[in-house]
Amino acid sequence: RADAQESAGPGPSCLVLPLHLGDSLWGVWATSYPAPHRFSNEDLATAMAVGDLLALALSRADASEGAQDLLAQLERLSAGGAAIAEALAVLPETQLRAAVQRGFHVWPYARADDLPEFLTSILHTFVEQARRATGAQYAALGIGASPERPFEPWVFLGMDPKLTAVIGHPPRPVGTLGVVAVGGQTVRVQDIHKHPAFLGLPAGHPEMASFLGVPIRYRELTLGNLYLANKLGAAEFSVADERITEAFAAQAGLALQLAYLRTATEAQGAQLQSVLEDAPVGILYVDARKGHLMANPRAMELLGRAATPEAGWAQYRGIVCDPGGRPLSLDELPSSEERLPDATTSRELLLVQPGGQRIPVLERAAPVRGLDGKTLGVMVIFEEISALKELDRTREDFAAMVAHDLRNPIQTILLQIQDSLRREVRDQVKLPVAQARRIERSAVHLALLVDQLLDVTRLESKQLMLQRSLVNVREVTGGLIDRMRPTLGQHPVEVEAVGPLPMAPLDLLRFDRILTNLVVNAAQHSPDEAPIHVRLAAEEGGIRLSIEDRGEGIAPDELDHLFDRYHQGRKARAGGGQGLGLGLYIAKGLVEAHGGRISVESRLGDGSTFHVWFPSTPLEAEATQTIH
């Protein structure tokens, strides 16, 4: 060896040579003799061979020490990760336990192929690094601890994708895998076939011998497993391989919790964003310290102006007012620390938009507190109450109409009775026929108003019950018109039946109400002595009832609202008509309850014709009553 040095002078002799292994110098070996010595070629060859062995031994010792250091670092990293997971409590144990029982879907994805890129990268990294660190041919990571469910997801490396497709589905935590994933035990064997829990491999699965399976844990729960198979270059996995794999499994457990946190946070954030954007109420958040204001789309719509966070409440000065329209000062709004509510508050406000539109709202404000109990800000909700205000106005108007319309017939009846009582002779009253007719008309009108109020209540509460029977519509209509004639003043009423008419399943009381409402409506909107024509005819599997008047007609712009609740025509609104505006609304509801339909034809100055169609389909036998 060229770099060996020797001495053979008069003093002691020595042989010195460097310890090389490849390109690395590991040290120097020196041999000395007390007396002069001439080293032969055999001596040099022997020394060099010993030197090579020493260099190899030193390199192995250094590698072993490095491996020990690596294991110690991994164990410290594992312990640190576990401490971090415990401190963060990313996923409470009760929630995690429930997740494990239902298959531990830590993210809303059914297969590894569906995972988002960051999760796929994390899982593949753990599996690949564990495989490389231990020299395994195959490696896999599976999440799940229920023998009834396959691992979801299941990340497998080392197998040909075509072979994976042939196998077709992930395994379940049963057999040897179940000992690891369900039992939470580490399994290291030279031949997996000899493990007592081994259940065999599926058809087409590559052969496996040496096996190392380590559970993935979170606190005391087992989430799944990390397993390795077929140690390359050795008959079985070593204790060092086991410790390295356990360190990777510990990190995988922490990574899964962080992955759950991220996906859950993103999902909750998306849900919250969707709720805020689609909420039918205005939602604002005001930061207690900076006064910044954030608003959802509905809030900006109600306030009539987009929100700039840094501008706070000041940007809406003059818009938020008290119910009387007085703009609120900034000190009166729930934003400054002095004005933050201690609990949920509620008050009525008025929003006056820049364009002048006035929107009544109900404001609810509540503090938002941190984990330490300190107030971070205030949540303000604006709920528009225009419909409630309109309902209040409608209720007040309706009460006024009812009081007015009931007062008139009652007053008429009282006046007529009082006038008759003044002409009392010997405890008897003589009542002229004309006066009795007026009393009757007033009483009928009063009864009609009461019936209308009852009918509209039943219709709107969906409590209308029909007592139907097969009816001879020609006879019933003629009889009802004869009964109504005295109450229709000087209006002649003609009833015409065209051809034969089928029987119809009708509720007699409600049919009476329909006919009365339509005929009285025709009389009220026709001049005195103008005729009213009632026509019956068979049509389209039913019966058409038409009521024609010679009144002033209906304006085109009123036709679309004619059957609306409380609708009154121009004449009624001007004070020349009577009624609550419910007659046609009730008639339509009763007709539709029978399965029929109602319509109107009208031209100004040429009268109006209301058409009602009733089906004539026979009733079921058990529903058929008396034939009239």
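Rules used throughout
Residues numbered from 1 in each chain as written. Predicted model: local features only at pLDDT ≥ 70, side-chain atom pairs only at ≥ 80, totals over all residues. Heavy atoms only, no water. Phe/Tyr/Trp six-rings, centres within 6.5 Å; stacked < 30°, edge-to-face > 60°. Buried < 20%, exposed > 50% of the residue type's maximum accessible area, 1.4 Å probe, protein only. Lys NZ or Arg CZ within 6 Å of the ring centre and 35° of its normal. Core = buried A, V, L, I, M, F, W, Y, C linked by side-chain atoms within 4.5 Å. Helix = DSSP H or I, 4+ residues; strand = E, 2+ residues; numbered from the N terminus. Contact = heavy atoms within 4.5 Å. Expected span 1.5 Å × (residues − 1). Polar contact = N/O pair within 3.5 Å; in protein donor to acceptor, adjacent residues only side chain to side chain. Pairing = 2+ DSSP bridges. Axes fitted to C-alpha atoms, helices over the stretch in contact; angles between N-to-C directions.

**Q** I'm lost on the packing of aromatic side chains in this one. Help?
**A** The way to describe two aromatic rings as a pair is by their centre distance and the angle between their planes. Counted by the stated rule, this structure contains 9 aromatic pairs. Each ring, one from Phe151 and one from Trp154, has its centre 5.1 Å from the other, and the planes form 25°; the classification is stacked. When sorted by exposure, Phe151 lands in the same class as Trp154, which is buried. The ring of Trp613 is capped by Arg597, whose NZ or CZ atom sits 4.4 Å from the centre of that ring.

**Q** How should the nonpolar core be read in this particular structure?
**A** One broad rule of soluble globular proteins: the nonpolar side chains tend to lie buried together. With 43 residues, the main nonpolar core has Phe511, Leu518, Val519, Leu545, Ile547 and Phe610 as its most contacted residues. Among the elements that make up this core, the one with the highest residue count is helix α11 (residues 508-524) (8 residues). Those residues in contact with Phe610, other than ones at most four positions away along the chain, are Leu518, Asn521, Leu545, Ser546, Ile547, Ile554, Leu562, Phe563, Leu584, Ser599 and Val600. Residues Ile143, Leu157, Tyr218 and Phe248 belong to the second largest nonpolar core, which totals 24 residues.

**Q** What's the story with α11 in this structure? I'm lost.
**A** Residues spaced three or four apart along an α-helix face the same direction, because each turn holds 3.6 residues. Helix length check: α11, at 17 residues, gives a terminal C-alpha distance of 24 Å against a target of 24 Å (1.5 Å per residue), a fit within 8%. Its side-chain oxygen placed 3.1 Å from the backbone nitrogen of Leu509, Asp507 serves as the N-cap of α11.

**Q** I would appreciate a short explanation of the sheet that holds strand β18 (residues 532-539) in the present structure.
**A** In space, the 5 strands of this open sheet follow the order β16-β18-β19-β21-β20, with mixed pairing throughout. This sheet does not close on itself; its edge strands, each paired only once, are β16 (493-498) and β20 (597-602). The average undirected angle you get between the axes of adjacent strands in this sheet is 15°. Its contacts with the sheet put helix α10 (residues 473-484) on β16, β18 and β19 (542-548), and the angle it makes with β18 is roughly 170°.

**Q** What am I meant to see in the sheet that holds strand β7 (residues 211-218) here?
**A** Across the sheet, which stays open at both edges, the 5 strands sit in the order β5-β4-β8-β7-β6 with antiparallel pairing between neighbours. Looking at strand neighbours, the two that pair on one side only are β5 (154-157) and β6 (187-189), the edges of this open sheet. Neighbour to neighbour, the strand axes of the sheet diverge by 10° on average, direction disregarded. Pairing between strand β4 (residues 136-143) and β5: 4 bridges, direction antiparallel.

**Q** What is the right way to read unusual backbone geometry from this model?
**A** Trans peptide bonds make up the majority, and among non-glycine residues the majority have a negative phi. Despite not being glycine, Asn230 shows a phi value in the positive range, around 60°. Position of Asn230 relative to the elements: it lies in strand β8 (residues 221-231). By relative accessible area, which is 12% here, Asn230 ends up buried.

**Q** Which parts of the structure should I look at to understand the pairing of strand β14 (residues 375-384)?
**A** In regular strands, side chains alternate between the two faces of the sheet. Taken together, the 6 bridges between strand β9 (residues 282-287) and β14 define a ladder with antiparallel strand orientation. Counted as the bridge partner of Tyr285 is Met379 from β14. The sheet contact formed by strand β13 (residues 358-369) and β14 spans 9 bridges and is antiparallel. Of the residues in β14, the one forming a bridge with Ala366 is Met379. The antiparallel hairpin formed by β13 and β14 contains 5 residues in its connecting segment, where Gly373 sits at a positive phi of about 90°.

Structural measurements only, silent on function.
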